[in-house]
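Listed below, chain by chain, are the residues.
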Amino acid sequence: MNRSALILLAGIVGLGLVVGGGASAAPSAKPSAAGHHAAVRRHHPAPSHFTHGVVDNRWFPLKPGNRYVYRGAEEGKRERDVLVVTYRTRVVDGVVCRVVFDRVWKNGRLNEHTHDFYAQTRSGTVWYFGERTATLDRHGHVNSREGSWMSGVHGAEAGIFMTPHPHRGPSYHQEDFPGHAEDVYTVVRRDARVTVPMLQTNHAVLTRETTVLEPGVRDHKYYVRDIGTVREVTVQGGSESLRLVSLTHRPR
């Protein structure tokens, strides 16, 4: 964005044929929320390019039965986030997606639950096809479904969530539902240091996430090979922080 658009766009076009997993549409770019890079926006490949629910990207593996538990705080409230990779799949926009069930407790009360839908191309790129989310009031009743979206519905489109070989530079739209879900991520480092209760490493992938819907907010996420997300922290515009405390597997 602030850099030469011609130089950056040329690099993105060169990358696009590999990242998209065979998509014929050329990528387009537009300014990201933070104004640092142009973000790759492209249509997802045809269903035949996907693995029918298998997501085994080394940086974001979704093995059915895996249960991730994160603990931390947001705005002074204790937070517990439990993410379960289910054995279920769902067809979204013609593509078979893995269903992930995510629940968030704040100060011990269930505050939000979400079903997320991911699919992976045969070349290893993970695409995010949408989410059904709900925030709950103190009585457990749904008070909002804002942020929900599905690729192919009302103009929403799937976004790239993780490439097979992430490297510093390009930005990608993870969510593409204007006015409702517009997350953009950029790989910042491939050799980041991260420490969580489960592990310590100097070889994490660090990403920056922004959105035009919250222009003053910037988040960092850390990914570890063969595990996935191990830490999330808001570095600007908020105070949320989560760390992976356990990873267990539940057979079918």
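See the structure printed just above.
Counting from 1, residues in each chain are numbered in the order their sequence is written. Reporting of local features is limited, given that this is a predicted model, to residues whose pLDDT is at least 70; pairs of side-chain atoms are given and counted only at 80 or more, and all residues count toward the totals for whole chains, interfaces and linings. The side-chain numbers reported here are obtained from all heavy atoms of the structure, hydrogens and water having been left aside.

It is worth spelling out the overall build of the chain at this point. Per the secondary structure count, the chain includes one helix and 17 strands. Sorting the 252 residues of the chain into buried and exposed places 50% on the buried side. In the chain, the proportion of contacts linking residues at least 24 apart, taken out of those at least 6 apart, comes to 48%. When the accessible surface of the chain is split by element, carbon and sulfur atoms take 51% of a total near 12,000 Å². Secondary structure elements follow DSSP: runs of H or I no shorter than four residues count as helices, runs of E no shorter than two count as strands, and numbering proceeds from the N terminus. The buried label applies to any residue whose accessible area, calculated with a 1.4 Å probe on protein chains only, is under 20% of its type's maximum; exposed applies above 50%, and partly exposed to all values in between. Residue contacts follow a heavy-atom distance rule, with two residues in contact if any of their heavy atoms lie within 4.5 Å. Method for areas: the Shrake-Rupley scheme with a 1.4 Å probe, in which residue coverage is limited to the protein chains shown.

By definition, a salt bridge exists where a carboxyl oxygen of Asp or Glu is found within 4 Å of a side-chain nitrogen of Lys or Arg. With the rule as written, the count across this model stands at four salt bridges. Between Lys-106 and Glu-74 there is a salt bridge whose closest N-O contact spans 2.6 Å. With Lys-106 in strand S5 (residues 95-106) and Glu-74 in strand S3 (residues 66-74), the pair connects residues that are 32 residues apart, well separated along the chain. According to the relative accessible area criterion, Lys-106 is partly exposed, its value standing at 21%. Overall, Glu-74 belongs to the partly exposed group, its relative accessible area being 22%.

Phe-60, Tyr-118, Phe-129, Phe-161, Tyr-222 and Val-230 are the most contacted members of the largest nonpolar core, which totals 48 residues. When residues of this core are assigned to their parent elements, the largest contribution, five residues, is made by strand S13 (residues 183-196). Only buried residues count toward a nonpolar core, which is a set of Ala, Val, Leu, Ile, Met, Phe, Trp, Tyr and Cys residues joined through side-chain atoms within 4.5 Å.

With that settled, consider the environment of Thr-201. With respect to the helices, strands and loops of the structure, Thr-201 is situated in strand S14 (residues 199-211). Sequence-wise, Thr-201 and Asp-191 are ten residues apart; in three dimensions their C-alpha atoms are separated by 8.8 Å. If near-sequence neighbours (up to four positions away) are discounted, Thr-201 is found in contact with Ala-192, Arg-193, Val-194 and Val-224.

Take the environment of Asp-219 next. Along the chain, the position of Asp-219 falls in strand S15 (residues 218-224). Residue class for Asp-219 comes out partly exposed when judged on its relative accessible area of 23%. Sequence separation of Asp-219 and Thr-234 is 15 residues, and the distance between their C-alpha atoms is 4.2 Å. In this structure Asp-219 touches Thr-207, Arg-208, Glu-209, Val-233, Thr-234 and Val-235, once residues within four positions along its chain are discounted. At 2.7 Å, the side chain of Asp-219 forms a polar contact with the side chain of Thr-234. Here a polar contact means two N or O atoms within 3.5 Å. Within protein one must be a hydrogen donor candidate and the other an acceptor candidate, and residues neighboring in sequence count only if both atoms are side-chain atoms.

With that out of the way, let us pick up the packing of aromatic side chains. Only Phe, Tyr and Trp rings are paired, with Trp represented by its six-membered ring, and only when their centres lie within 6.5 Å; those with planes under 30 degrees apart are stacked, over 60 edge-to-face, the remainder tilted. According to the stated counting rule, one finds ten aromatic pairs in the structure shown. Measuring from ring centre to ring centre gives 4.9 Å for Tyr-118 and Tyr-128, while their planes differ by 20°; the resulting arrangement is stacked. In this pair, Tyr-118 is assigned in strand S6 (residues 109-120) and Tyr-128 in strand S7 (residues 126-136), connecting sequence segments ten residues apart. The two residues Tyr-118 and Tyr-128 agree in class, both being buried. Ring-pair connections join several aromatic residues into one group, and the members of that group are Phe-60, Tyr-118, Tyr-128, Trp-149, Phe-161 and Tyr-223. When the NZ atom of lysine or the CZ atom of arginine is within 6 Å of a ring's centre and also within 35 degrees of its normal, the charge is said to sit over that ring. For Arg-80, the ring lying beneath its charged end belongs to Trp-105, and the centroid distance is 5.1 Å.

Moving on, we come to the pairing of S6. Should DSSP find at least two bridges between two strands, the strands are regarded as paired. With nine bridges joining them, S5 and S6 adopt antiparallel strand pairing. Following the sheet pairing, Lys-106 is matched in S6 by Arg-109. In sequence, S5 turns back onto S6 through a hairpin of two residues, with Asn-107 there showing a positive phi of about 50°. Hairpin connection from S6 to S7: five residues lie between these consecutive antiparallel strands, with Gly-124 at a positive phi of about 105°.

Checked against the element boundaries, Thr-186 lands in strand S13. Of the polar contacts made by the side chain of Thr-186, one reaches the side chain of Ser-171; its length is 2.4 Å.

Before going further, it helps to spend a moment on the side chain of Thr-211. Looking at where Thr-211 falls in the secondary structure, it is placed in strand S14. For Thr-211, a relative accessible area of 8% gives the class buried. Only 3.5 Å separates the side chain of Thr-211 from the backbone oxygen of Glu-182, close enough to count as a polar contact.

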